[in-house]
Amino acid sequence: MQETGPAGFYNVPVTKFLVLFVGICSILAAIMNVKQYFYLQLIPHITVHHQFWRLLTSQIAFGSSGDVFFGSLLLYTLRVIERQYGSSKYTAFLFISVVISTLLELGALVVGAQLGLKSIPGGPYALMFSALYQYHRIIPVTYRFRVFGIVMSNKLFLYVLALQVAFSQSFKTLIPAVCGILSGALYRTDIGNIKQWRFPAWIQKLTIRFIKPYLVSPPIARSAATTPSQRPIVTGISPVENIMTAGLRNRRGTTATSASDRSDTASASAAATEGTSSVREYLDTITGRDVAGSELEPPSPEHTRVLLAMFPDHPRETITRALSSAHNNLNRAVEIMLSTPAPSNEGSSSHPASAVIPPSPFTAGSSGRSSRGHMA
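Residues numbered from 1 in each chain as written. Predicted model: local features only at pLDDT ≥ 70, side-chain atom pairs only at ≥ 80, totals over all residues. Heavy atoms only, no water.

Here we look at the overall build of the protein
Scanning the protein from N- to C-terminus turns up 17 helices and five strands. Looking at the protein as a whole, 34% of its 376 residues are labelled buried. Look at the contacts in the protein between residues 6 or more apart in sequence, and 74% of them connect residues 24 or more apart. Split by element, the accessible area of the protein, about 23,100 Å² in all, is 64% carbon and sulfur. (Helix = DSSP H or I, 4+ residues; strand = E, 2+ residues; numbered from the N terminus. Buried < 20%, exposed > 50% of the residue type's maximum accessible area, 1.4 Å probe, protein only. Contact = heavy atoms within 4.5 Å. Areas by Shrake-Rupley, 256 points an atom, 1.4 Å probe, with all protein chains shown as cover.)

Right, dumping it as C-alpha cells:
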C-alpha cells in the first residue's frame, strides 16, 4: 500500500479519532452483546417503531471482528486524504458523506425490498468508500509493475483490501460501499458548493480547545544515522596506483631473475589474480558495473597506451587481448598482464642486420667540423 507523508497519526487528528471511536464502539458492542442495535432496517425499525437513531448508530460500529481489523486498516491508510484536505475540510467532508450515504442507503432499502434486501449491517462502510473515491481521484500513482503481462500500480493493494471489506458479508456490505462511492462522486461534483461548506467557527474553536489536545500525535522519530551504510572492503584488490608500481617493480626485476623463478612467480600471481578477479567480477555483478556480460569489447586507446608504457616487454596483441578480456577495466587488465609471463628477450636483444642506427648528433657535428677542416 502507498505510504504518503509521515507514518503514524501525525497531523491527522480526525483520522485518529475516527479509528479509535469506531474500534472502541465495535468492541463494546461485541462485549455487551448489543450488535442488534447497530444495523439499519427499514421495516419495522424505521417505519413502525420510528427508531431514527439507527440512522446514526449504523455508521459507528462494525458487526464482525474481521471488519473491525480490515476497516481500521483501511481508515488508517486513507489518512492521506486528511493531509491533503486539512482537518477542517476533512471533517466537513465526513459529515456530508454520512448524510448523503445514509439517504442513499434508505433509498436502496426501499428499492431492494422487492429483491430481498431487508437490512444493512452496521459499520462506516459508506464513509470509507467515499474517502476511497477521493483517494482514487487526488492521490497519484507512485510506481507501476507488471504481473503476467498486466500493468498494475501501487494502489492495487489498497483496492484489494477495500474489495475484501466490500464483500465481507456478501451483497449486504456491497450496498453501503456503492452508496459511499456515489456520495464521494457527488461531493467531487461540488453541487451547491458543498466543497466550500465548513462547520461554524465556534464549533471549530471548541473542538480545537477541548478535543484536539488529546488527539495530537508527535512525529515518529527517524533514525539518527546520517551517513549511508559502509560497503564491505574486500582485501586483496589494490588500487591502480599500487598495481602500476608493483608492475614496474616486477618488470625491472624480471631481467635479473632466472626462468624458474619467473615461472614460480607467475603461477603464484596467476592464482592470486584468479581469486581477486573472481571477487571483482562478483562485485561488478552486484553493483551492475559489468553491463557488457561475457562478450569481449574493443580495447580503449587510452588504456592501451597506459599498458604499453607499463609493460614495454609485452607485444601490443597481448595488451589488447587483456583489455578485451577485462572489458576495458584498467585494474583487471593490469592484473591479467601481471599474471602473463613476459616473452623472452633474446629476439629483441639481437638487432637485425638491416637495422640502421641513426648517427648521434655529436658524431654528426664532429664529422662536419672535420670535413670543413679538410675543405679548408
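Thoughts on unusual backbone geometry
Trans peptide bonds make up the majority, and among non-glycine residues the majority have a negative phi. With an omega dihedral of 10°, the bond running from Ile 43 to Pro 44 counts as a cis peptide bond. Here Pro 44 lies in helix H2 (residues 42-46). In the Ramachandran plot, Asn 193 falls in the positive-phi region, its phi being about 55° despite a non-glycine side chain. Note that Asn 193 resides in the loop between helix H9 (171-189) and helix H10 (201-210).

Section: the pairing of strand E4 (residues 150-153)
A regular strand carries its side chains on alternate faces of the sheet. With four bridges connecting them, strand E3 (residues 144-147) and E4 associate as antiparallel partners. Paired with Phe 145 across the strands is Met 152, a residue of E4. Hairpin connection of E3 to E4: two residues between the antiparallel strands, including Phe 148 at a positive phi of 55°. (Pairing = 2+ DSSP bridges.)

Considering the environment of Arg 305
Take Arg 305: it is sitting in helix H13 (residues 301-310). Once the C-alpha coordinates of Arg 305 and Ile 319 are considered, the two residues, 14 residues apart in sequence, prove to be 9.5 Å apart.

Description of the packing of aromatic side chains
Tallied over the full model, the rule gives 14 aromatic pairs. Ring plane angle 25° and centroid distance 5.7 Å describe the contact between Phe 95 and Trp 197, whose orientation is recorded as stacked. Within this pair, whereas Phe 95 is found in helix H6 (residues 87-112), its partner Trp 197 is found in the loop between H9 and H10, the two being separated by 102 residues in sequence. Look at Phe 145 and Phe 157: their rings are 6.0 Å apart centre to centre, the planes differ by 20°, and that puts the pair in the stacked class. Of this pair, Phe 145 sits in strand E3 while Phe 157 sits in helix H8 (residues 156-166), and the two are 12 residues apart along the sequence. Here the aromatic cluster, defined as three or more aromatic residues joined through ring pairs, consists of Tyr 85, Tyr 90, Phe 93 and Tyr 187. If you follow Arg 54 out to its NZ or CZ, it ends over the ring of Tyr 39, 5.4 Å from the centre. (Phe/Tyr/Trp six-rings, centres within 6.5 Å; stacked < 30°, edge-to-face > 60°. Lys NZ or Arg CZ within 6 Å of the ring centre and 35° of its normal.)

Looking at helix H14 (residues 316-325)
Note on helix geometry: an α-helix contains 3.6 residues per turn, so any two residues three or four positions apart are oriented the same way. Taken together, the buried positions of H14 are Thr 318, Ile 319, Ala 322, Leu 323 and Ser 324. On its buried side, H14 packs onto H13 and helix H15 (330-339). Following H14 by one or two positions, His 327 has its phi on the positive side, about 55°.

Looking at the nonpolar core
If you look at the biggest cluster of nonpolar residues, it comprises 33 residues, and the most contacted ones within it are Tyr 90, Met 128, Phe 129 and Tyr 135. Where this core is concerned, the elements lending two or more residues are helix H1 (13-31), helix H4 (65-77), helix H5 (79-85), H6, helix H7 (125-138), H8 and H9. Residues contacting Tyr 90, with those up to four places away along its chain left out, are Val 14, Thr 15, Leu 78, Ile 81, Glu 82, Tyr 85 and Ala 131. Counting 11 residues, the second largest nonpolar core, distinct from the first, contains Phe 311, Leu 323, Leu 330 and Met 337. (Core = buried A, V, L, I, M, F, W, Y, C linked by side-chain atoms within 4.5 Å.)

What about the UniProt feature "transmembrane region" (unreviewed entry) in the protein?
What UniProt calls "transmembrane region" (unreviewed entry) maps, in this numbering, to residues 12-32, 52-78 and 90-113. Annotation note: span residues 52-78, helix share 63%, strand share 0%, distance between end C-alpha atoms 29 Å. Within the segment residues 90-113, helix and strand shares are 96% and 0% respectively, and the terminal C-alpha atoms sit 34 Å apart. (UniProt positions renumbered as here; feature names shortened; annotations may be inferred.)

Observations regarding the confidence of the model for the protein
Per-residue confidence for the protein averages 77 on the pLDDT scale, and 69% of its residues sit at or above 70. Least confident of the elements in the protein is helix H17 (residues 361-375), whose mean pLDDT is 42; most confident is H7, at 94. In the predicted structure, residues 230-237 sits below a pLDDT of 50 and forms seven contacts with residues beyond four places in sequence or in another chain. Between residues 285-294, whose pLDDT stays under 50, and residues either more than four places distant or in other chains, the model counts eight contacts. (pLDDT = per-residue confidence, 0-100.)

Looking at the packing of H14 against H15
The contact between H14 and H15 brings their axes to 8 Å, and the two run at 130°. Taken together, the axes of H14 and H15 lie oblique to each other. Our pair here, H14 against H15, has a crossing hand that is right-handed. Residues Thr 318, Ile 319, Ala 322, Leu 323 and Ser 325 of H14 touch H15, and the partners they reach there are Arg 332, Ala 333, Ile 336 and Met 337. (Axes fitted to C-alpha atoms, helices over the stretch in contact; angles between N-to-C directions. Parallel < 35°, antiparallel > 145°, perpendicular 65-115°, else oblique. Left-handed = near helix turned anticlockwise from the far one by under 90°.)

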